[in-house]
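Here are the chains, one letter per residue:
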Amino acid sequence: MLVNRKMKTVLSVILMSTVVISTAACSTGSKGAAPSSPAAGAASQQPAKVIELKAVTMGVAPANGMDNFYKQLDELTKKDLNATVRFTFVPWGDEKNQISRAVVAKEYDLYVGGAWSDFKNFATKNAFADLKPFLSKTPKLVEHYKGLLGRLEINGKLYGIPQYGKPGAGGDGLLYREDLRKKWGLPEIKDLDSLEKYLYKAKQEFPSTPMINDKRFAENIWRMMAGGKYYNVTNLSGNLLTVAPVNNPYKATFIYDTPEYKEILVRAKKWYDDGIAAHDILAAQGNETSKTLELMKANKKPLEFNNHFGAVSSSYIPALKAVNKDWEFGWFDYTFDLYPQMSFMPRHSNDTTTMISVSEQSKNVETALKFIEKAHTDRVYYDLLQYGVKDENYKLSGESVTFDGIDPKNKKPGWTGLNDGFMNRVEKYPSDWQPIYDRLQTEGTKAAEKNGIDPFEGFVFNTGDLASEMASMETVRTQYAQPLAVGMVKKSQDADLEALKQQLKGAGSDKYMTALQKALDEFAASKKK
C-alpha cells in the first residue's frame, strides 16, 4: 500500500469559517434584555479547529528524528497556520504508479510530481487545484519567484509550485569507483568510448552483476551520442519523445525518426548481448537506483549508470563513504562534460520541473499554499523540511550543511519538489567529492551565464485534447520502443523500428505532432515580437 499505516490518520478536518461573535440579546436602550451567559462567552473565544494537511513525498523516512521533526514542525505550523502537516514517504522505484494511485485515490492535500509522474496529464484533468486565485494571499512566495510562476500556467491556471533552480551543471551522469579505474589502468572517462572500456572491465571484474539494470539507459546513450545536436522538446510519461535540431530549434521530430537513434539501438544491443545490461531488464521497475546503491555498498558493483548528480551527491556519496571511507569516486556528466554549450539558465516548465501541487479535493487550499510559501521563504521552515532535525538528520559546520558523523539511515530526504537553489545551504562533501561538486557548480554557472536563457523557456504545450492519443502512444512505447531501447530484437532492428513507427501512427502520433508543431510555431512567433 502507498500509505504507511502508522502515519495514516483520518482526514476529517473542517476549517471553521468564522469565529462566531456572540452578542448580548439586549440592544441599546432595551431594559429587559438578558446578558450573555458565561458559557456563550466561552464559546465565542474558542479557537478554530486545527487543520491537518496530508502530504506525499518521495524517499525513505529516516530511522530516527521524525518524532522531533514533527514536534518542531507542529510548533511552527500551529502558530503560523493553525495547522499540522504529516508526510507519507514513497520509496523511489515505482514512483509513477505510486503517485498516480495516490492522485486517483484523492487521499492527500499535497502532492509531488513532474514529467516522471505524469503531472501534466493529471493537471489538465483538474486533479489539482488552481493556485492562481490564492497567490494574493502569499505575496512573499510571488516575490520570491520573481515572475516565474506566470510562465508555468496551463490555460491560465497554475497547478503547482515548482522547484526553484539556480544556474549550475550536474545532470544525469555516471558515478564510478575512481580508485578501481586507477587500479585497472584505464584511461580517464571523458567520452562514450572510455566509459565503455570501464563498463567492460567492470563486468570482467564483477562477472555475476550486470553493470546496467535500469531500462532507461538508452536515453543516457542518447545524451552522449546526440546531446549536442538536438534540444529535448517533449516527454511521454517521463521518456524523451520529441526533439529538435539545434540549428532549427522549433521544428520537432520524433526521436525515433532521427538517424542517431539507429546508432543508439546498435550500441544498446551490443551491451545487452554482452551482458553489460541485465537480460531481465524489462522486468525492472521504472527506477532501479535503490537496488544499485545496495549493490555498490556491498562491493558487488562499482558504478551507477542512471542517476542525477544531485541525488548521487545527497544519497549515494554519504552512504558509500560510511561503508568504506577509502573508496574514491568519480563523476562523468553526460551533458556538461561533453556539451557545455547546452548548459543554459535553469528552465522551469511543466514538462521539465518537479512540482508541489494541492489536490482539487482539498478543503484547505489556501492553508496548503501558505505552507508552501513558508517552506520557500522562511529559513527555519526550509531547513527543517529540506534537511530535517539538526544534529539528528544533519549537522551545521558554520553555515554549511554536513552529514559527517550522521548515520546514512538517519539522513532525511528533502520534501520532493521543495528544492530551492536560493534557499539551499552550501553542502560540505568528502574530500574527493568536494572538488567534483565545486567544479560543476562553478563552471556550470559560467557556462549557463554565457549561453543564456534556454530556447524553450516559457514554452507550454497543452495536451488536454490529446489524452486518448497519448495513452495509446504510451502503450505502443511500452510494447515496441522499450524492448528496442534495451537491446532486444524480434525480427531485425530496422524492421522493429519501422513497426514501432507504424504503431505510433495508428495510435494518433500525427495528430500529436500537428498540435505540437502548431504550439512551437506560435511560440517561435511570440519570441520575435
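So, how was this worked out
- Residues numbered from 1 in each chain as written.
- Predicted model: local features only at pLDDT ≥ 70, side-chain atom pairs only at ≥ 80, totals over all residues.
- Heavy atoms only, no water.
- Axes fitted to C-alpha atoms, helices over the stretch in contact; angles between N-to-C directions.
- Helix = DSSP H or I, 4+ residues; strand = E, 2+ residues; numbered from the N terminus.
- Contact = heavy atoms within 4.5 Å.
- Nonpolar A, V, L, I, M, F, W, Y, C, P; charged D, E, K, R; others polar.
- pLDDT = per-residue confidence, 0-100.
- Expected span 1.5 Å × (residues − 1).
- Buried < 20%, exposed > 50% of the residue type's maximum accessible area, 1.4 Å probe, protein only.
- Core = buried A, V, L, I, M, F, W, Y, C linked by side-chain atoms within 4.5 Å.
- Pairing = 2+ DSSP bridges.
- Salt bridge = Lys/Arg side-chain N within 4 Å of Asp/Glu carboxyl O.
- Phe/Tyr/Trp six-rings, centres within 6.5 Å; stacked < 30°, edge-to-face > 60°.
- Polar contact = N/O pair within 3.5 Å; in protein donor to acceptor, adjacent residues only side chain to side chain.

Caption draft 1: Inspection of the packing of helix α9 (residues 259-273) against helix α15 (residues 467-485) at higher detail. One can describe the packing of α9 onto α15 by two numbers: an axis separation of 8 Å at closest approach and a directional angle of 65°. Where α9 abuts α15, its residues Y261, L265 and A268 lie against A481, L484 and A485. Per-class residue counts for the contact of α9 with α15 are 6 nonpolar, no polar and no charged.

Caption draft 2: Examining the confidence of the model for the protein chain more closely. Per-residue confidence for the protein chain gives a mean pLDDT of 88; residues scoring 70 or more make up 91%. Taken as a whole, residues 1-44 scores under 50 in pLDDT and shows 45 contacts with residues more than four places along the chain or in a different chain.

Caption draft 3: The arrangement of the environment of Y512 in detail. Locating Y512 in the fold gives a position in helix α17 (residues 509-528). In this structure the C-alpha to C-alpha distance between Y512 and P455, which are 57 residues apart in sequence, comes to 21 Å. When neighbours within four sequence positions are excluded, Y512 is seen to be in contact with T234, N235, L241, T242, F254, F461, L466, M470 and M473.

Caption draft 4: Representation of helix α14 (residues 434-451) in the model. The end-to-end C-alpha distance of α14 is 25 Å, a good match for the 26 Å that 18 residues give at a rise of 1.5 Å each. Burial in α14 covers these residues: Q434, I436, L440, G444, A447 and A448. The secondary structure elements touched by the buried residues of α14 are α11 (309-323) and β10 (329-333). Looking one or two residues beyond α14, the residue adopting positive phi is G452, at roughly 85°.

Caption draft 5: Highlighting the environment of P340. Here P340 shows up in the loop between β10 and β11 (355-358). Sequence spacing of P340 and F254 is 86 residues, and the spatial spacing of their C-alpha atoms is 24 Å. Those residues in contact with P340 that sit more than four places away from it in its chain are T335, A447 and N451.

Caption draft 6: Summary view of the nonpolar core. Ranked by internal contacts, the top residues of the largest apolar core, which has 72 residues, are L195, F217, Y256, W271 and F305. Not counting residues within four places of it along the chain, the set of residues in contact with L195 comprises L174, I189, M224, W271, F305, F332 and Y334.

Caption draft 7: Representation of the sheet that holds β10 in the model. Taken together, the 3 strands give an open sheet; going across it, the order is β9-β5-β10, and neighbouring strands pair in antiparallel fashion. The outermost strands of the open sheet, each flanked by one partner alone, are β9 (303-308) and β10. Averaged over all adjacent pairs, the angle separating strand axes in this sheet is 25°, with direction ignored. Taken together, the 5 bridges between strand β5 (residues 172-177) and β10 define a ladder with antiparallel strand orientation. Looking across to β10, one finds that L174 is bridged to F332.

Caption draft 8: Spotlight on the pattern of salt bridges. Summed over all chains, the structure comprises 32 salt bridges. A salt bridge links K132 to E153, with the shortest nitrogen-to-oxygen separation between them at 3.4 Å. One end of the pair, K132, is in the loop between α4 (119-124) and α5 (139-145); the other, E153, is in the loop between α5 and β4 (161-162), and 21 residues separate them in sequence. Taking the relative accessible area as the measure of exposure, K132 reaches 39% and is therefore partly exposed.

Caption draft 9: Here's a closer look at the sheet that holds strand β7 (residues 239-245). Strands sit in the order β6-β7-β8 across an open sheet of 3 strands; the sheet is antiparallel. Whereas interior strands pair on both sides, the edge strands pair on one side only; in this sheet they are β6 (230-236) and β8 (253-254). Bridge count between β6 and β7: 6 bridges; the pairing is antiparallel. Each bridged residue has a counterpart across the sheet, and for Y230 the counterpart in β7 is P245. Sitting on the sheet, helix α8 (residues 217-226) touches β6 and β7, and the angle it makes with β7 is about 15°.

Caption draft 10: Seen up close, the packing of aromatic side chains. Throughout the structure, instances matching the rule amount to 34 aromatic pairs. On the numbers, 5.4 Å between centres and 50° between planes, the contact of W184 with Y198 is tilted. With W184 in the loop between α6 (178-183) and α7 (192-205) and Y198 in helix α7, this residue pair connects regions lying 14 residues apart in the sequence. Summarising the burial analysis for this pair, W184 and Y198 share the class buried.

Caption draft 11: Quick look at the side chain of D214. Following the sequence through the fold, D214 ends up in the loop between α7 and α8. A distance of 2.7 Å separates the side chain of D214 from the side chain of R216, its partner in a polar contact.

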